[in-house]
Amino acid sequence: MTEPSPSSSSTVTATIDKGESRTTVLSPGIVESRNQTNRTQISTEIQDFLSGTTTNTSGGNGGILASEYRTFFTIWMFITRLPSPSWIDLHPGYLMRGMVYFPIAGSVLGCMYAIVFDFVNVSLDLPPSIAASFMVSMGLYMTGCFHEDGLADSADGLGGGWSKSQVLKIMTDSRVGTFGCAALGMFLLIKVQLLGSVLGVSHWQLWNCSGGGPAIIVSQTVARLSAPYLIRTRDYIAEVGPKSPFYVFMVEAKYLVSWGRLAIATSFSLTLSCVMYGPIVSTALITVVLVVAHLMGNKGDYLLGGVMGDFLGSTICVCEIAALTFISAKNGIIATCLSIRDELLFDSEEEGFFLLSNVYKNSSIRAVFHFVLLSLALKGWLAFVGPPDMYDREDNKEDKDTTCNDNKEKEN
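Residues numbered from 1 in each chain as written. Predicted model: local features only at pLDDT ≥ 70, side-chain atom pairs only at ≥ 80, totals over all residues. Heavy atoms only, no water.

Draft legend 1. Expanded view of helix α10 (residues 226-233). When you tally the buried positions in α10, you get 6 out of 8 residues, the bulk of the element. Looking only at α10, the buried set comprises Ser226, Ala227, Pro228, Tyr229, Leu230 and Ile231. (Buried < 20%, exposed > 50% of the residue type's maximum accessible area, 1.4 Å probe, protein only. Helix = DSSP H or I, 4+ residues; strand = E, 2+ residues; numbered from the N terminus.)

Draft legend 2. Structural context of the layout of surface pockets. The calculated volume of the second largest pocket comes to roughly 750 Å³. What lines the second largest pocket is a set of 20 residues, among which Lys299, Tyr302, Leu303, Lys379 and Leu382 lie closest to the centre. Class assignment of the residues belonging to the lining of the second largest pocket gives a composition of 11 nonpolar, 5 polar and 4 charged. (1 Å grid on protein atoms, 1.4 Å probe; cavity = no way out; pocket = protein on both sides within 12 Å on 5 of 7 lines; lining within 4 Å. Points joined across faces, edges and corners; volume = space filled by probe spheres on them. Nonpolar A, V, L, I, M, F, W, Y, C, P; charged D, E, K, R; others polar.)

Draft legend 3. Molecular detail of the pattern of salt bridges. With the rule as written, the count across this model stands at 5 salt bridges. Residue aspartate 301 is joined to arginine 234 by a salt bridge in which the shortest nitrogen-to-oxygen separation is 2.6 Å. With aspartate 301 in helix α13 (residues 279-303) and arginine 234 in the loop between α10 and α11 (244-252), the pair connects residues that are 67 residues apart, well separated along the chain. The class for arginine 234 is buried, based on a relative accessible area of 9%. (Salt bridge = Lys/Arg side-chain N within 4 Å of Asp/Glu carboxyl O.)

Draft legend 4. Representation of helix α7 (residues 164-171) within the structure. Of the residues making up α7, those classed as buried are Val167, Ile170 and Met171. One side of α7 holds all its buried residues, which, seen down the axis, span an arc of 100 degrees. (Arc of directions from axis to C-beta.)

Draft legend 5. Spotlight on the packing of aromatic side chains. As enumerated under the stated definition, the model contains 6 aromatic pairs in all. Judged by centre distance (5.7 Å) and plane angle (90 degrees), the ring pair of phenylalanine 72 and tyrosine 101 falls under edge-to-face. Placement of the pair is phenylalanine 72 in helix α2 (residues 60-79) and tyrosine 101 in the loop between α3 (92-97) and α4 (102-123), with a sequence separation of 29 residues. Site record: aromatic cluster; members linked through ring pairs are Tyr69, Phe72, Phe73, Trp76, Trp87 and Tyr101. The cationic tip of arginine 81 hangs over the ring face of tyrosine 141; the distance from NZ or CZ to the ring centre is 4.7 Å. (Phe/Tyr/Trp six-rings, centres within 6.5 Å; stacked < 30°, edge-to-face > 60°. Lys NZ or Arg CZ within 6 Å of the ring centre and 35° of its normal.)

Draft legend 6. Main features of the nonpolar core. Counting 73 residues, the largest nonpolar core has Phe102, Leu195, Tyr277, Leu285 and Leu304 as the members making the most contacts within it. Examining the composition of this core, we find that 9 residues originate from one element, helix α14 (residues 309-345), more than from any other. Filtering out sequence-adjacent residues up to four positions away, leucine 285 remains in contact with Val218, Val222, Ser273, Ala323, Phe326 and Ile327. (Core = buried A, V, L, I, M, F, W, Y, C linked by side-chain atoms within 4.5 Å. Contact = heavy atoms within 4.5 Å.)

Draft legend 7. A look at unusual backbone geometry. One non-glycine residue, aspartate 125, lies in positive phi territory at about 55 degrees. Inspection of the secondary structure puts aspartate 125 in the loop between α4 and α5 (128-143). Located in the positive-phi region is tryptophan 207, a residue other than glycine, with phi close to 75 degrees. Positionally, tryptophan 207 belongs in the loop between α8 (178-199) and α9 (212-223). Residue classification places tryptophan 207 among the partly exposed residues on the basis of a relative accessible area of 47%.

Draft legend 8. Structural view of empty space enclosed by the protein. Considering all chains together, one arrives at 2 cavities of 30 Å³ or more under this definition. Estimates place the volume of the largest cavity at around 130 Å³. Taken together, 13 residues make up the lining of the largest cavity; nearest its centre are Thr143, Glu148, Lys191, Gln220 and Glu320. Only α5, α6 (146-160) and α14 provide two or more residues apiece to the lining of the largest cavity. Of the residues in the lining of the largest cavity, the class split is 5 nonpolar, 4 polar and 4 charged.

Draft legend 9. The arrangement of a nonpolar patch on the surface in detail. Side chains of Phe119, Leu124, Leu126, Ile130 and Phe134 sit close together on the surface and give an oily, nonpolar patch of about 450 Å² of accessible area. Relative accessible area serves as the criterion here: at 48%, phenylalanine 134 is assigned to the partly exposed category. (Patch = residues over 30% accessible without salt bridge, like charges linked within 9 Å, V, L, I, M, F, W, Y side chains within 5 Å. Areas by Shrake-Rupley, 256 points an atom, 1.4 Å probe, with all protein chains shown as cover.)

Draft legend 10. Representation of the environment of tyrosine 360. When you line up the elements, tyrosine 360 lands in helix α15 (residues 352-361). For tyrosine 360, a relative accessible area of 37% gives the class partly exposed. Setting aside residues no more than four positions away along its own chain, tyrosine 360 makes contact with Arg366, Phe369 and His370.

Draft legend 11. Just the packing of α6 against α8, in detail. Contact geometry for α6 and α8: axes closest at 7 Å, N-to-C directions at 135 degrees. Our classification of the angle between α6 and α8 gives oblique. Handedness of the crossing formed by α6 with α8: right-handed. The residues of α8 that touch α6, namely those facing Glu148, Leu151, Ala152, Ala155, Asp156, Gly159 and Gly160, are Thr178, Phe179, Gly180, Ala183, Leu184 and Phe187. Of the residues in the contact of α6 with α8, the class split is 7 nonpolar, 4 polar and 2 charged. (Axes fitted to C-alpha atoms, helices over the stretch in contact; angles between N-to-C directions. Parallel < 35°, antiparallel > 145°, perpendicular 65-115°, else oblique. Left-handed = near helix turned anticlockwise from the far one by under 90°.)

Nothing here speaks to function; it is all geometry.
What follows is the structure in structure tokens.
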């Protein structure tokens, strides 16, 4: 993110934790007051399950169902602008335990988006690209650009920060920089292109769907599986910003995302995908999403020391693009795999160098080879010529800060 410009007269500076400052167009305390639960009024039931002494104190199936009902609508309130029952509040304990419902909420949103896509494309007889644009616009409004905001903040932080402290400081800045704008633009462009130009008109058939509508539902579902997976497998780090008290409380409730609840979320995502695309494609799709989420988690561990809200939102966006790309390219992927199999296993007339030469002549295999070679070359270059490790950068920064302070003291 570029250096901030001088603030205008319409902005005020709000002081936050540890003496840091943040420039905002809102008065101090406005953001903090939104959807805040008064911790002094938390019921005994919530206190018990947050402390881990019990999973449910109401007793009976009715108590469990009521608790899960509240948990689902906490998630619904969190990721959409649509209203929830008035007695639902945005409590971090229920929010963490409700991560199991992230894919379910995504499937509900996906169904709404698919209806809009098919209406514009089929009923209004407009091109799929226009239908995709309307659908994406509706999604941005209904979710309040929730995950996209995380994508922009993460891109600014990871692209503009040199050390961990700088990355975190940039991510909590409310303004959007060059990296954030570029990431948002590419995300929306790729999404519209995949849905409108590649997938096109929806075709609904059990086990064998195709087109934009089914892809919208499935991608909205499986992409949100990354959130409970990362929260379960990574450390959740405390955030500094206008809602830091809320997210600090989420750190305490992280353990509520159990392996059992993660398994439920995974099973739902896999079942929905199977209904649309069959078991083989669905298993591969879930694997791709979890691999991408795992790699993003590794990046979060390295750069941040764990995951946080904005990073989870960016991961959902990345996984959504990965899911749409896989669905769009599944036929090409199958054809490439069959070509590799045929060239390596059934071409018995050639051996050694001549076999590899014949394999290289296949255009699809040659493109795969070039892509893998480029990835390995870039990885090697960064490993041997790249900048120092993130933790070394932080240590060097602290040493430089100490040296500067010592020099100032001597001058004084």
